[in-house]
Amino acid sequence: MDKISQDCPYPGCFFCVMKEGNPSKRRTSILKFFRELPSQDDDGQVLPISGLWNTAMAHPNDPEFINLGIFECMSALILKGLKNRRWLSHDQNIYIPYYAAHIIGSYTMNMEEFAESAVHAGVIPPLVELLRGRLTWVEQRVAVRALGHLATYASTFPAVASHGEILELAIQLATSSLEIVYTHFYQYPERRLSYHCDLLTRGMGGVEMESRKAEEWASQLQCWSLQLINCFAFKPEFLSVICKPEFLVKLPGMWGGLVNENSPAGIGLLRTICHHKLGRGPVANCPGIVEALCNIARSSDDWQYMAIDCLLWLLQDQSVCHKVIEKAVPTLIDLSEISTLGDHKKLGDTIVSVLQEGVESQGTGRGSISNRIKDQIDEVINSRQRLKKEKNMPKEDLHIKQAAALVVKLEGNSLFSSGNISGAALKYSEALSLCPMRSKKERIVLFSNRAQCDLLMQQPLAAISDATRALCLHNPLNRHAKSLWRRAQAYDMLGLAKESLLDAILFINECSQSNDPDLSLRQNRVPDYAEKLVKKQMRAAWLFRAAAVKHGGLNCEGEAGDVYGHNGDDSEWETASESDIGNDGQGELADDDSDEERQDKYEKPSLKDIKHGYSVQLAEDEA
């Protein structure tokens with residue numbers, strides 16, 4: 001230690017302390033360093049703080065610094081920055097509150113005992129000050145992250161909840177975070193604070209890199225706000241604050257949280273709310289939310305199961321069932337042939353059971369369901385009964401039924417080729433009524449073919465329904481290429497950019513592995529028609545689009561050029577009815593689908609990287 005100190009021009013330097021080989025001396029020196037650092041005004045304080053930040057990210061479960069006063073030191077440094085603006089503006093001290101809050105968040109991320117130590121050290125008041133926006137949105141980002149970790153644990157949640165304004169601030173931040181980052185950083189590159197740029201890019205990047213990272217951090221700011229709110233949502237006493245219509249209606253569109261696989265995002269928060277009876281009423285009273293849940297439930301997204309859970313819970317609640325059944329039932333019927341989705345085993349059976357209970361519970365009195373919905377539910381129940389009967393049928397009879405269905409399908413194909421689209425659709429429906437229920441591959445083709453007819457007849461809702469049914473029958477789930485493409489076009493017709501984008505991306509990935517000559521990507525080239533749709537939807541689903549329109553960054557909703565990047569393609573995208581796979585104006589039908597039996601050999605695409613219309617990578621501190 002003495003030799004190291006003699007070589008170092010800064011006696012007591014933190015980095016010298018860390019090199020100390022004697023455990024007792026090292027502990028004493030670190031304890032002294034944490035105790036004295038907040039009262040010092042020397043230059044160079046940011047260096048040891050950044051070193052601590054790196055250590056906290058690399059070893060968040062290491063207890064060495066916890067009992068030596070690191071939380072007390074970080075809290076004092078944040079408060080010093082808030083109270084002493086002269087000190088904050090000196091040298092590079094402007095970075096210190098950010099690093100200090102980040103260190104608190106990293107050490108409380110995994111270990112409940114560390115979180116308890118942090119609360120006892122008094123970290124919550126300074127973090128709340130940052131959450132209020134006393135400095136900038138960059139410090140708000142790490143403050144809400146740290147508070148979210150503290151709120152996760154049963155032993156420390158009461159301390160967070162005792163600060164009543166935290167929930168209100170988190171709700172406000174989740175709602176406004178994208179606009180805040182857009183107006184305070186993204187919109188005017190020449191006005192960007194230099195230390196924000198340095199934090200975002202670590203000094204490695206120009207204006208475009210700064211913009212990309214700003215989108216990532218804005219997304220994280222929203223997702224960590226939602227995560228904090230989600231901790232409160234588990235407690236019924238806070239639902240009255242959370243379940244305000246003006247906030248609830250925005251939740252389905254908050255895809256920002258989806259860049260982080262551990263975040264509940266807007267749909268995850270809705271799932272937590274719907275788990276409570278007190279939360280289901282406000283959700284059911286917002287038709288827009290139910291409609292959004294239906295769209296997400298049909299999607300090919302990893303969070304699909306969350307929306308399905310919400311719809312099932314709403315239908316099972318007798319006090320709200322009548323408010324949602326007309327919208328929820330058609331969606332759940334489309335999903336009734338899902339076998340397994342994530343941890344949900346026999347999900348299709350569960351859906352059918354809930355639908356049947358819904359019919360029986362509604363009865364014929366006031367608020368009873370319509371005959372149309374009853375007929376749809378009866379149809380899916382009859383299909384299940386038909387499947388049971390077919391299990392006891394002789395194989396010869398099943399072969400006859402399958403052959404009959406094939407004949408009718410070929411008739412439909414012929415009508416389609418001759419331009420009789422409505423006639424072809426009727427033939428595919430007839431073939432579905434004949435085709436054995438367990439002939440999944442053939443039923444996939446029939447549903448997908450009918451979806452193409454729906455598109456050409458300008459019936460996007462029917463196309464989404466049929467394509468979804470095909471995707472639910474497919475193994476693996478949601479991976480039938482032509483159905484993905486048809487549903488992507490249908491979503492495009494309805495202006496559902498994010499849903500269309502997800503399906504288009506998955507379609508491209510399926511093409512890259514397909515044996516079908518109509519789909520396979522030659523020389524790894526993305527088909528022009530798919531590339532155009534993806535570019536269009538990336539512009540429409542751009543993270544900052546709403547903020548840009550509001551603040552004049554875009555002239556109008558329709559023609560915005562390439563708001564996503566600097567190398568955009570402003571070419572027109574042809575309508576869904578004009579093109580599918582071919583260029584003949586009618587599209588091609590998935591006839592035999594020879595690629596159905598191939599194995600799923602490829603990596604699932606990183607959907608979180610394209611959900612907002614830009615490439616997002618998780619920050620290094622969340623690894």
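Residues numbered from 1 in each chain as written. Predicted model: local features only at pLDDT ≥ 70, side-chain atom pairs only at ≥ 80, totals over all residues. Heavy atoms only, no water.

1. A word on the overall build of the protein
- Assigned secondary structure in the protein consists of 31 helices and two strands.
- Here the protein, with 623 residues, has 55% of them falling under the buried criterion.
- Within the protein, contacts between residues separated by at least 24 positions form 72% of all contacts whose residues are at least 6 apart in sequence.
- Of the accessible surface of the protein, which amounts to about 26700 Å², a share of 50% is contributed by carbon and sulfur atoms. (Helix = DSSP H or I, 4+ residues; strand = E, 2+ residues; numbered from the N terminus. Buried < 20%, exposed > 50% of the residue type's maximum accessible area, 1.4 Å probe, protein only. Contact = heavy atoms within 4.5 Å. Areas by Shrake-Rupley, 256 points an atom, 1.4 Å probe, with all protein chains shown as cover.)

2. Brief notes about the confidence of the model for the protein
- Put simply, the protein has an average pLDDT of 84, and 83% of its residues get 70 or more.
- Ranking the elements of the protein by mean pLDDT puts helix α1 (residues 2–7) last, at 46, and helix α9 (residues 124–131) first, at 98.
- For the stretch residues 557–586, pLDDT sits under 50, and the model shows 70 contacts to residues farther than four places along the chain or on other chains.
- Considering only residues more than four positions removed or in separate chains, one finds that residues 592–623, a stretch of pLDDT under 50, has 93 contacts. (pLDDT = per-residue confidence, 0-100.)

3. Quick look at helix α10 (residues 137–152)
- The terminal C-alpha atoms of α10 lie 22 Å apart, and with 16 residues this matches the ideal 22 Å at 1.5 Å per residue to within 8%.
- In terms of burial, α10 is a largely internal element, 15 of the 16 residues being buried. (Expected span 1.5 Å × (residues − 1).)

4. Some remarks on the side chain of Ser-75
- Mapped onto the elements, Ser-75 comes out in helix α5 (residues 70–83).
- Look at Ser-75 and you get buried, because its relative accessible area is 4%.

5. Description of the packing of aromatic side chains
- Within the structure shown, the criterion is met by 22 aromatic pairs.
- Between the aromatic rings of Phe-34 and Phe-65, the centroid separation amounts to 5.6 Å while the plane-to-plane angle is 90°, which identifies the pairing as edge-to-face. A residue pair is termed long-range when its members are at least 10 positions apart, and Phe-34 in helix α3 (residues 23–36) and Phe-65 in the loop between α4 (46–58) and α5 qualify at 31 residues. Take Phe-34 and Phe-65: they sit in the same class, and that class is buried.
- Each ring, one from Tyr-95 and one from Tyr-99, has its centre 6.4 Å from the other, and the planes form 20°; the classification is stacked. Accessibility assignment for this pair places Tyr-95 and Tyr-99 in one class, buried.
- A connected cluster of aromatic rings, assembled from ring pairs, spans Trp-53, Tyr-95, Tyr-98, Tyr-99, Trp-137, Phe-185, Tyr-195 and Trp-217.
- Here the basic side chain of Arg-145 rests over the ring of Trp-224, its NZ or CZ set 5.8 Å away from the ring centre.
- Above the face of the Tyr-188 ring, Arg-191 is positioned so that its terminal group lies 4.0 Å from the ring centre. (Phe/Tyr/Trp six-rings, centres within 6.5 Å; stacked < 30°, edge-to-face > 60°. Lys NZ or Arg CZ within 6 Å of the ring centre and 35° of its normal.)

6. A look at the state of the cysteines
- Tallying each qualifying case throughout the model produces zero disulfides.
- Just so you know, Cys-243 is unpaired, no disulfide at all, and the nearest cysteine sulfur is the one on Cys-274, 8.5 Å from it.
- Residue Cys-243 is classed as buried on the basis of its relative accessible area of 11%.
- In this structure Cys-286 is a free cysteine whose sulfur lies 9.1 Å from that of Cys-243, the closest cysteine sulfur available.
- Judged by its relative accessible area of 10%, Cys-286 is buried. (Disulfide = S-S within 2.5 Å.)

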